[in-house]
Amino acid sequence: MRRVWLSIIALMLATAPAAFAVDSKVTSSRADLIGAILAYRAALDRLWEFHVVAVKRASDEVQKRRELLERGIVSRRELEESERALEAAEAKMSATRHEMVVTDQSLAEAMIEPSTLPRTPGRGGPEQYEATPFFVHYRGPAHWSLADASKVQAFFVSRFGRPLPVSAFGQTPVHDRLGFDHRDALDVAVTPDSPEGTALMTFLRRSGISFMAFRGAVKGEATGAHIHIGGASRRLGAMGP
């Protein structure tokens, strides 16, 4: 997974035209952020492997005690203890999986710098739009804050009859650890080219709401494909330990 992301990053930076050049301090900060995200994702990969082993061990223990209970060797209480241990192991695995999702999304977002988006010819005002095979970046004229999230929620529910699949609402503990400012952004776990993603992007553009849509999923490994609603996130400042 890391090799895939690094290849994408290297390709984007190597092929960026001179007009997209940004201040060296900004570039350095973004590079540091990307490096920190990749390092944290690698740590999550190792933690995930630990959870897989723990869940397998707990599952085997549950199966073993069920068989022993049928033979009258262990009590119902002992079986229930092993089942609770399995539930706890699965909950830890689920929490780590969510952190992997948010980290993948943060990596995709960190690759896009707000100042690199040029003004689109023929468009008046601040509205700007850019599309590449990897992402769609729209900067709209409307003011956005998380207080407006209910409008997006209402649209999605009315259109698809289910809640908006939010993967990150504002700042999360993962963003804190990464030093990534996500305080006024909303991440939606939909693929941009899906019916849900297409409809959502159309709604956001008609409403003038800025967004970044990423086709950054790596099947079976990374879940980076998502739509980030709000302005591009920035680094909070110096990274913590």
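Here the structure is shown first, and the text comes after it.
Residues numbered from 1 in each chain as written. Predicted model: local features only at pLDDT ≥ 70, side-chain atom pairs only at ≥ 80, totals over all residues. Heavy atoms only, no water.

Draft legend 1. Inspection of the sheet that holds strand S3 (residues 166–169) at higher detail. Across the sheet, six strands lie side by side as S1-S2-S6-S9-S5-S3; this open sheet has antiparallel pairing. Every interior strand has two partners, whereas the edge strands, strand S1 (128–131) and S3, have only one. Pairs of neighbouring strands in the sheet enclose a mean axial angle of 10 degrees, with direction left out of account. Across the face of the sheet, helix H3 (residues 76–110) comes into contact with S3, strand S5 (186–188), strand S6 (211–214) and strand S9 (226–229) while running at roughly 70 degrees to S3. (Pairing = 2+ DSSP bridges. Helix = DSSP H or I, 4+ residues; strand = E, 2+ residues; numbered from the N terminus. Axes fitted to C-alpha atoms, helices over the stretch in contact; angles between N-to-C directions. Contact = heavy atoms within 4.5 Å.)

Draft legend 2. Expanded view of the packing of aromatic side chains. Throughout the structure, instances matching the rule amount to six aromatic pairs. When the centroid spacing of 6.0 Å and the interplanar angle of 65 degrees are considered together, the rings of Phe 134 and Phe 214 count as edge-to-face. Note that Phe 134 is positioned in the loop between S1 and strand S2 (135–139) and Phe 214 in strand S6, a separation of 80 residues in sequence. Where Phe 135 meets Phe 214, the ring centres are 6.4 Å apart and the plane angle is 35 degrees; that geometry is what we call tilted. Highlighted residues: Phe 135 in strand S2 and Phe 214 in strand S6, separated in sequence by 79 residues. By the burial criterion, Phe 135 is buried, and Phe 214 matches it. Counting every residue linked through ring pairs, the aromatic cluster contains Phe 134, Phe 135 and Phe 214. One cation-aromatic arrangement involves Arg 97 over Trp 48; the distance from NZ or CZ to the ring centre is 5.9 Å. (Phe/Tyr/Trp six-rings, centres within 6.5 Å; stacked < 30°, edge-to-face > 60°. Buried < 20%, exposed > 50% of the residue type's maximum accessible area, 1.4 Å probe, protein only. Lys NZ or Arg CZ within 6 Å of the ring centre and 35° of its normal.)

Draft legend 3. Main features of the environment of Asp 176. Within the secondary structure layout, Asp 176 lies in helix H5 (residues 173–178). Considered as a pair, Asp 176 and Leu 236 are 60 residues apart in the sequence and their alpha carbons are 8.4 Å apart. At a separation of 3.0 Å, a polar atom in the side chain of Asp 176 contacts the side chain of Gln 171. (Polar contact = N/O pair within 3.5 Å; in protein donor to acceptor, adjacent residues only side chain to side chain.)

Draft legend 4. Geometry of helix H6 (residues 195–207). Between its first and last C-alpha atoms H6 spans 18 Å; for 13 residues at 1.5 Å apiece the expected length is 18 Å, and the two agree. For H6, the set of buried residues is Gly 197, Ala 199, Leu 200, Met 201, Phe 203 and Leu 204. In this structure, the buried residues of H6 make contact with S2, helix H4 (149–160), S5, S6 and S9. A positive backbone phi angle near 75 degrees is found at Gly 208, which sits one or two residues after H6. (Expected span 1.5 Å × (residues − 1).)

Draft legend 5. Focus on the pattern of salt bridges. Per the counting criterion, the structure on display carries 11 salt bridges. One salt bridge connects Lys 151 with Asp 148, and the closest N-O pair in it is separated by 3.6 Å. Taking relative accessible area as the criterion, Lys 151 reaches 53% and is therefore assigned exposed. In this structure Asp 148 comes out as buried when scored by relative accessible area, which is 16%. Ionic pairing is found between Arg 215 and Asp 193, a salt bridge with its closest N-O pair at 2.8 Å. Placement of Arg 215 in the loop between S6 and strand S7 (217–218) and of Asp 193 in the loop between S5 and H6 is noted, with a sequence separation of 22 residues between them. Its relative accessible area of 30% is what places Arg 215 among the partly exposed residues. The class for Asp 193 is exposed, based on a relative accessible area of 52%. (Salt bridge = Lys/Arg side-chain N within 4 Å of Asp/Glu carboxyl O.)

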